[in-house]
There are 2 protein chains.
Amino acid sequence: MRIVVLAGGIGGARFLRGLRAAAPEADITVIGNTGDDIHLFGLKVCPDLDTVMYTLGGGINEEQGWGRADETFHIKEELAAYGVEPTWFGLGDRDFATHVIRTQMLGAGYPLSAVTEALCARWKPGVRLLPMTDDRVETHVAIQAEEGTRKVVHFQEYWVKLRAAMAAEAVVPVGADQSKPAPGVLEAISTADVILFPPSNPVVSIGAILAVPGIREAIAEAGVPVVGLSPIVGGAPVRGMADKVLAAVGVEATAAAVAAHYGSGLLDGWLVHTSDADAVADVEAAGIRCRAVPLLMADLDATAQMAREALTLAEEARA
Amino acid sequence: MRIVVLAGGIGGARFLRGLRAAAPEADITVIGNTGDDIHLFGLKVCPDLDTVMYTLGGGINEEQGWGRADETFHIKEELAAYGVEPTWFGLGDRDFATHVIRTQMLGAGYPLSAVTEALCARWKPGVRLLPMTDDRVETHVAIQAEEGTRKVVHFQEYWVKLRAAMAAEAVVPVGADQSKPAPGVLEAISTADVILFPPSNPVVSIGAILAVPGIREAIAEAGVPVVGLSPIVGGAPVRGMADKVLAAVGVEATAAAVAAHYGSGLLDGWLVHTSDADAVADVEAAGIRCRAVPLLMADLDATAQMAREALTLAEEARA
C-alpha cells in the first residue's frame, strides 16, 4: 500500500509515527511543509522537515516535540553574548549541525529535496520525506501593530517570538505562487493508494503545501481516498495556534468548519474527536464521510489506532 | 608607547597577555596571522585571530591554549554522525558561534578586518587586533605521500590531522603574493615606537604575515627597534612544529638560526632562552643585539618579564 501524507511539524510527525506502527509494510511518502522555513545567522532552517525527520528517526526531544534530545544551547548563548539577533529562536547545538550541513549543501547547488534525502540517510525515518517544493516559500503573517497599522512578520516570529498573542489578520505563503512541487511529489500523489492529512495546521502547514501550484489539483485528481484528521477538538486546537490562523482565513475553529474548508472536492473522509460527534452529521451533509473516534495522540498506541481509523475510513470511501 | 606585535596563535596570544601586563598604558596593535584560516562546513574559521581574541578576552581554554573554556562538542559529534568530513578539526559549540557570525558578516560584504573588530567589541582584548590581510591566504604544506610522490595539504591538515608526523618539504602561503595588508596594518607599523615578534612560529605564523607584500618592507623601513623572542629553546620548539617547517625552508631549529633567518635587515634585537646563552655571540656577530633571559611562559609573571626584557632590549637598540 502506498500512502502519501501531507505533514507539518509536531502533529504531523507524531501521527506519522502512529501510521508507521499501524501500517508497517506500507510505502509512506511524506510531503513536508517548508513554508515555515527560516534563514537564521546565514543558515537555512527547516523546522517541519526536521521535526518529522527527528521524530521518526529517534532524535526528537519527546517532551517538547521539536528539537533534539539531549540538547545544549551553547551556540545560542554565545550568539546572544555577541549581541546578534534574533535571540528568540531556540536553535540547539545538536540541531545546529543539521542546518550547517543543509546550508552547505544548498550552497554547493543541491536542491532541498536532495539535501533532505542526504540528511535522512542518517536518520532513516522509515518514510520517504520530500519537501513540498525546492523553491523558497515563506509563510508571512499580517498582524495589527499599533492601532490602525499593520505589520507583516515571518510565521516563526508570529508563533515563536510573539506566541501568537494577537490576531492574525492574513496569512500569506510568500513565493508559493511561483513555486513548483519538488521532484517526486506529483509522482507520489498520482501513484498513491491513499492520501492522508494528519492533524496538522490546516492553514500554515497543510494549507501551505496545498498552495504550491499543482499539488491540490494532483490530490483532487488522484482518484484515491483522501482522509483527514481534525486538528481541532472541542473548538480549539489540540496544540499550536490553528484557531488564530483559521480566523485569518475566515474559518471557524471547529472540526466541521475545517472539513468544509478543505471541501468535498478534496476530502473523501474526515475524522473528528469523540467529543465532537455532533459534527459528524454536518460534515457528512457536506459530502464528506465522517467518523468520531479518539483523536488525542497520547501515546504510540493511541496514535496508531487513529491511523488505523483513517485507513479504515479510506477503505470505506474506496468501496 | 605604540607597540606593534606580529602574532600567530597560542605563543603569540600568551605573550600578548604578558605584554599587556608589562605595559598597561601602551597602545598595542596586533597584526594577526590569517594564513592558517580554513573553511570548514561552509564556515570561515580564523584559528589564530580567535586564539588571540579569546586569550586576551578571557574566553580561552587555558589548559589547551586554543578554543573556548567550558566548551562542548555536540555539533562536532553530530557532523560526524552525519558522516560529514572533516572530523579531525576540533570545533566546539561555543567557538562555532564566532565562525557563524564571521561567515555571515563576510557573506554580507564586510571585510575580515571589520568582522574582527566587531567580534572584538564583545571580547575587549585590550589591544587592536588586525588580520594581516583581508584577502584570502592559505598556508599549504607539501609532504611526501608515498615513495617519490608529493601531496599538498592545508596547514591545518598537516598540523591537526597529521600531527606534523612527517617532514614538511615546502611551506607556501598560497595567495600571499596577491594579497594586500589589511586597513590599518601599514599605518600601525609606520607609527609604531617598537615592533615585537613574539615566540610564534617563524615560518607559518610570522613568516606568513611577512609574506604579505608591503609588511616586511614597512617593518624594515619603520626606523624603530624590532625585537623578537626565540620560539626555539634548546634546539626544539617550546610547543608546536616550528622545527618541521623551519627544515622545509632550510633553517636549522636553533635560536641563532631563526634570528639569522629573520636577518639583521629586519631584526634589531633577539632574546634567547638562558639555556641558549651560547648563541648570543653568534647572533650579535650577525649584527643583531642579543640577550639570554628566561623564555618559558610558565605563568603571567614570567611572561610579563619576557615582555619587559623585549622592551628593554628595544630601548637599548634605540639608543
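Here the structure is a predicted model, which means the values were calculated and not measured. (Residues numbered from 1 in each chain as written. Chains lettered and ligands numbered in written order. Predicted model: local features only at pLDDT ≥ 70, side-chain atom pairs only at ≥ 80, totals over all residues.)

Describing the overall build of chain A
On a plain count of helices and strands, chain A comes out with 13 helices and 14 strands. Taking 20 Å as the expected radius of gyration for a compact globule of 319 residues, we find that chain A reaches 19 Å, a close match to that expectation. Projecting the C-alpha coordinates of chain A onto the three principal axes gives extents of approximately 60 × 50 × 35 Å. Counting only contacts in chain A whose residues sit at least 6 apart along the sequence, the fraction spanning at least 24 positions is 69%. (Helix = DSSP H or I, 4+ residues; strand = E, 2+ residues; numbered from the N terminus. Rg over C-alpha atoms; globule rule 2.2 N^0.38 Å. Contact = placed C-beta atoms within 7 Å.)

Let's talk about the sheet that holds strand β2 (residues 27–32) of chain A
All names here are of chain A. Strand order in this open sheet of seven strands is β5-β2-β1-β9-β10-β13-β14, and the pairing throughout is parallel. Each edge of the open sheet is held by one strand with a lone partner, namely β5 (128–131) and β14 (289–293). Between one strand axis and the next, the sheet turns by 20° as a mean value, whatever way the strands run. Examined bridge by bridge, β2 and β5 share four bridges and lie parallel to one another. Within β5, the residue paired with V30 across the bridge is L129. (Pairing = 2+ DSSP bridges. Axes fitted to C-alpha atoms, helices over the stretch in contact; angles between N-to-C directions.)

Considering the pairing of β2(A)
Residue and element names in this part refer to chain A. Among the six residues of β2, five are classified as buried, and the element is accordingly described as predominantly covered. Sheet topology places strand β1 (residues 2–7) next to β2; six bridges connect them, and they run parallel. Residue R2 lies in a different strand from β2, and its bridge partner there is D27. The β-α-β motif built from β1, the intervening helix α1 (residues 10–22) and the parallel element β2 has right-handed crossover chirality. (Buried ≥ 20, exposed ≤ 12 C-beta atoms within 10 Å, placed from the backbone. Right-handed = clockwise from strand over helix to strand, strands pointing away.)

Some words on the interface of chain B and chain A
The interface of chain B with chain A comprises 20 residues on the first partner and 20 residues on the second. When its residues are assigned to classes, the side of chain B that touches chain A shows 10 nonpolar, six polar and four charged. (Nonpolar A, V, L, I, M, F, W, Y, C, P; charged D, E, K, R; others polar.)

Digging into unusual backbone geometry
Omega for the peptide link from E85(A) to P86(A) comes to -10°, which places this bond in the cis form. Relative to the elements of secondary structure, P86(A) occurs in the loop between α3 (74–81) and α4 (93–107). In this structure, F41(B) is a non-glycine residue whose phi angle is positive, near 55°. Positionally, F41(B) belongs in the loop between β3 (38–40) and β4 (43–45).

A closer look at helix α5 (residues 112–123) of chain B
All names here are of chain B. The first and last C-alpha atoms of α5 sit 16 Å apart over 12 residues, in line with the 16 Å expected at 1.5 Å per residue. Considered for burial, the residues of α5 that qualify are L112, S113, V115, T116, L119, C120 and W123. Looking straight down α5, one finds that the buried residues subtend no more than 155° of arc, so they occupy a single side. Where α5 is buried, its residues touch α2 (47–57), α4 (93–107) and β5 (128–131). K124 sits one or two residues past α5 and shows a positive phi near 45°. (Expected span 1.5 Å × (residues − 1). Arc of directions from axis to C-beta.)

Overview of the relation of the copies chain B and chain A
Each copy of the sequence occupies a distinct position, and chain B is placed on chain A by a rotation of 180° and an axial shift of 0.0 Å, giving an RMSD of 0.0 Å. The transformation just described matches what one would write down for a two-fold rotation axis. Proximity to the rotation axis, assessed at the C-alpha, singles out D93(B) in chain B; its C-alpha lies 3.2 Å from the axis. A symmetric contact is evident, with 100% of the interface residues of chain B recurring at the interface of chain A. (Least-squares fit on C-alpha atoms with pLDDT ≥ 70 in both.)

Observations concerning the environment of I232(B)
Residues and elements named next belong to chain B. Mapped onto the elements of the fold, I232 is located in strand β11 (residues 232–233). In this structure, the C-alpha to C-alpha distance between I232 and L129, residues 103 residues apart in sequence, is 25 Å. When residues no more than four places from it in sequence are discounted, the contact partners of I232 are P237, A242, A253, T254, A255 and V258.

Section: the sheet that holds strand β7 (residues 150–154) of chain A
All names here are of chain A. The strand order across the open sheet formed by three strands is β7-β6-β8, and the pairing between neighbours is antiparallel. The open sheet has two edge strands with one neighbour each: β7 and β8 (168–174). Going from strand to strand, the sheet's axes swing by 25° on average, the running direction of each strand aside.

Thoughts on the packing of α1(A) against helix α13 (residues 300–318) of chain A
All names here are of chain A. Two elements in contact, α1 and α13, have axes whose closest approach is 7 Å; the angle formed by their N-to-C orientations is 75°. As the angle between them shows, α1 and α13 are arranged roughly perpendicular. Between α1 and α13, the contacting residues are R14, F15, R17, G18, L19, A21 and A22 on the first element and L300, T303, A304, M306, A307, R308 and L311 on the second. (Parallel < 35°, antiparallel > 145°, perpendicular 65-115°, else oblique.)

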